[in-house]
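One-letter residues, chain by chain:
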Amino acid sequence: YGALEEYTQLQQLYLNTEAQIRDIDNRIDNLRRLEEGQSELRLEQELLQRRARHDYDERKLQRERAIALFNANSEALYDAPGRLIIDIGPNGFKFGVEIERSGSQGISSMKVFCYDLMLAQLWSVKDPSPGFLIHDSTIFDGVDERQIALALQLAAKTSEVYYFQYICTLNSDTIPWAEFDPDFDLNSFVRLRLTDETNSGGLLGIR
């Protein structure tokens with residue numbers, strides 16, 4: 001009466017059910033390991049945040065020094081101090097800079113300038129120290145001529161006070177000669193002039 005066929009079907013159904021159970025067991029094991037891993041990750045993240053917060057508190061004087069230097073640098077350019085923000089977030093330290101009238105490309109570049117100058121000031125008192133700060137001419141793209149002049153004068157003054165070298169490449173047609181203070185002579189700082197007027201005027205012999 002078809003008992004053999006029915007037995008075969010039951011045997012196949014049994015094997016399929018066993019396979020499904022094994023698959024479910026594997027999924028349960030994977031979920032358990034995932035949950036354990038997430039718990040360990042949360043613990044590690046909490047531990048790292050505690051360490052970061054402890055380091056943040058221990059470095060209060062250095063943090064306040066960095067903020068004061070950045071604020072002074074930005075105030076020299078815009079007659080109003082900017083703000084350097086250092087905080088602890090879920091993923092560790094967070095850094096932010098704010099300057100009034102922020103939003104334009106020029107002010108964004110000056111944020112970088114003030115931040116880099118602050119780092120050079122901090123590094124200058126350490127040993128070893130890089131001893132120099134280099135900016136390409138793109139740092140002044142879109143920046144008002146008055147701010148370019150103030151930035152170069154600030155870099156000259158700051159590098160002299162803190163004993164580091166400030167190096168900057170500039171396009172001669174973008175130098176705001178009329179905006180410099182009367183006692184500031186940019187030409188005295190020029191170390192190399194490149195020109196495409198002759199084959200010998202390029203860097204490393206390249207026109």
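Computed from a predicted model, the values in this text were never measured in an experiment.

**Section: the packing of helix H2 (residues 60–78) against helix H4 (residues 145–162)**
So, step 1. Interaxial distance between H2 and H4 falls to 8 Å at its minimum, and their mutual angle equals 140 degrees. Classified by the angle their axes make, H2 and H4 are oblique. At the point where H2 passes H4, the crossing takes the right-handed sense. Contact residues: Arg65, Leu69, Asn73, Ala76, Leu77 and Tyr78 in H2; Gln147, Leu150, Ala151, Leu154 and Tyr162 in H4.
So, step 2. Across the contact of H2 with H4, the residue classes break down as eight nonpolar, two polar and one charged.

**Notes on H2**
So, step 1. The terminal C-alpha atoms of H2 lie 27 Å apart, and with 19 residues this matches the ideal 27 Å at 1.5 Å per residue to within 8%.
So, step 2. All of the buried residues along H2 are Arg63, Ala66, Leu69, Phe70, Asn71, Asn73, Ser74, Leu77 and Tyr78.
So, step 3. Count one or two residues on from H2 and you reach aspartate 79, which has phi positive near 60 degrees.

**Some details on the pairing of strand S4 (residues 165–168)**
So, step 1. Note: strand S3 (residues 132–135) against S4, four bridges, orientation parallel. Opposite phenylalanine 132, over in S4, you have glutamine 165 as the bridge partner.
So, step 2. Running through H4, the crossover from S3 to the neighbouring parallel element S4 is right-handed.

The rules behind each value
Residues numbered from 1 in each chain as written. Predicted model: local features only at pLDDT ≥ 70, side-chain atom pairs only at ≥ 80, totals over all residues. Heavy atoms only, no water. Axes fitted to C-alpha atoms, helices over the stretch in contact; angles between N-to-C directions. Helix = DSSP H or I, 4+ residues; strand = E, 2+ residues; numbered from the N terminus. Parallel < 35°, antiparallel > 145°, perpendicular 65-115°, else oblique. Left-handed = near helix turned anticlockwise from the far one by under 90°. Contact = heavy atoms within 4.5 Å. Nonpolar A, V, L, I, M, F, W, Y, C, P; charged D, E, K, R; others polar. Expected span 1.5 Å × (residues − 1). Buried < 20%, exposed > 50% of the residue type's maximum accessible area, 1.4 Å probe, protein only. Pairing = 2+ DSSP bridges. Right-handed = clockwise from strand over helix to strand, strands pointing away.

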